[in-house]
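Coordinate analysis (summary)
Residues per chain are reported as follows:
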Amino acid sequence: MNHVEENRLAIVLCAAGFIVFAILTIFAEGFFGGADNLSHYKFARYGFEYPEYFLNHWAKPVFTLLSSPFAQFGIKGIAIFNVLIGSLTAFIAYKTARHFHYKNAFLTI
């Protein structure tokens, strides 16, 4: 498989994974993670009203900043954000494997 075909396959796999997990997230009842997840959601959800949340160390400032727009859509918005970040991470793992010339690098996805 040449480089271009493998890149296309990696993009299709990441997009398909995103679509499948996004659908599962949307139709799932409830969430997993407990009170810690709710606390991080609330920091992200109310970050625009209370800007000090963007600097709160316990709230994880980078996560809060990146997830705040998604948190405006509720807990499902945060779940979709996590699916998006997971898909991007899979693609970055693929690109890293390609960089090191691993055979069948798309399998890292």
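Quick look at the structure, then.

With that settled, consider the overall build of the protein. Across its full length, the protein holds four helices and zero strands. Across the protein, helices and strands are ordered from the amino to the carboxyl terminus as α-α-α-α. For the protein, the C-alpha radius of gyration of 17 Å lies well beyond 13 Å, the compact-globule estimate for 109 residues. Principal-axis analysis of the C-alpha atoms places the extent of the protein at approximately 50 × 30 × 20 Å. The buried share among the 109 residues of the protein stands at 26%. The long-range share in the protein, meaning contacts at least 24 apart out of those at least 6 apart in sequence, stands at 50%. Surface accessibility of the protein: about 7,600 Å² in total, with carbon and sulfur atoms responsible for 70%. Each charge class in the protein was averaged separately, 8 positive and 6 negative side chains, and the resulting centres sit 7 Å apart.

Throughout the structure, instances matching the rule amount to one salt bridge. A salt bridge links R98 to E6; the nearest nitrogen and oxygen atoms lie 3.3 Å apart. Taken together, the residues span a long stretch of sequence, with R98 in helix α4 (residues 75-99) and E6 in helix α1 (residues 3-27) at a distance of 92 residues.

Glancing now at the environment of F70. Within the secondary structure, F70 sits in helix α3 (residues 61-71). The spatial distance from the C-alpha of F70 to the C-alpha of Y94 is 26 Å, given a sequence separation of 24 residues.

Before going further, it helps to spend a moment on the packing of aromatic side chains. Across all of its chains, the model carries eight aromatic pairs by this definition. For the pair F100 and Y102, a centre-to-centre distance of 6.4 Å together with 35° between the ring planes defines the contact as tilted. Residue F100 is classed as exposed on the basis of its relative accessible area of 52%. Among the aromatic residues, those joined into a ring-pair cluster are F43, Y50, Y53 and W58.

Another aspect to go through is the packing of α1 against α4. Where α1 contacts α4, the axes come no closer than 9 Å and their chain directions differ by 160°. What the angle tells us is that α1 and α4 run roughly antiparallel. Considering how the two elements wind past one another, α1 and α4 form a crossing that is right-handed. Each of H3, E6, N7, A10, I11, C14, F18, F21, A22, T25 and I26 in α1 lies in contact with α4, whose residues at this interface are K76, A79, I80, V83, L84, S87, A90, F91, Y94, K95 and R98. Considering only residue class, the contact of α1 with α4 consists of 14 nonpolar, four polar and four charged.

What follows deals with the environment of L38. Along the chain, L38 turns up in helix α2 (residues 35-45). Taking C-alpha positions, L38 is 8.3 Å from I75, a pair spaced 37 residues apart along the chain. Residue contacts for L38: discarding those within four places in its chain leaves F31 and I75.

Cut-off values and rules
Residues numbered from 1 in each chain as written. Predicted model: local features only at pLDDT ≥ 70, side-chain atom pairs only at ≥ 80, totals over all residues. Heavy atoms only, no water. Helix = DSSP H or I, 4+ residues; strand = E, 2+ residues; numbered from the N terminus. Rg over C-alpha atoms; globule rule 2.2 N^0.38 Å. Buried < 20%, exposed > 50% of the residue type's maximum accessible area, 1.4 Å probe, protein only. Contact = heavy atoms within 4.5 Å. Areas by Shrake-Rupley, 256 points an atom, 1.4 Å probe, with all protein chains shown as cover. Lys, Arg positive; Asp, Glu negative; His and termini not counted. Charge placed at Lys NZ, Arg CZ, Asp CG, Glu CD. Salt bridge = Lys/Arg side-chain N within 4 Å of Asp/Glu carboxyl O. Phe/Tyr/Trp six-rings, centres within 6.5 Å; stacked < 30°, edge-to-face > 60°. Axes fitted to C-alpha atoms, helices over the stretch in contact; angles between N-to-C directions. Parallel < 35°, antiparallel > 145°, perpendicular 65-115°, else oblique. Left-handed = near helix turned anticlockwise from the far one by under 90°. Nonpolar A, V, L, I, M, F, W, Y, C, P; charged D, E, K, R; others polar.

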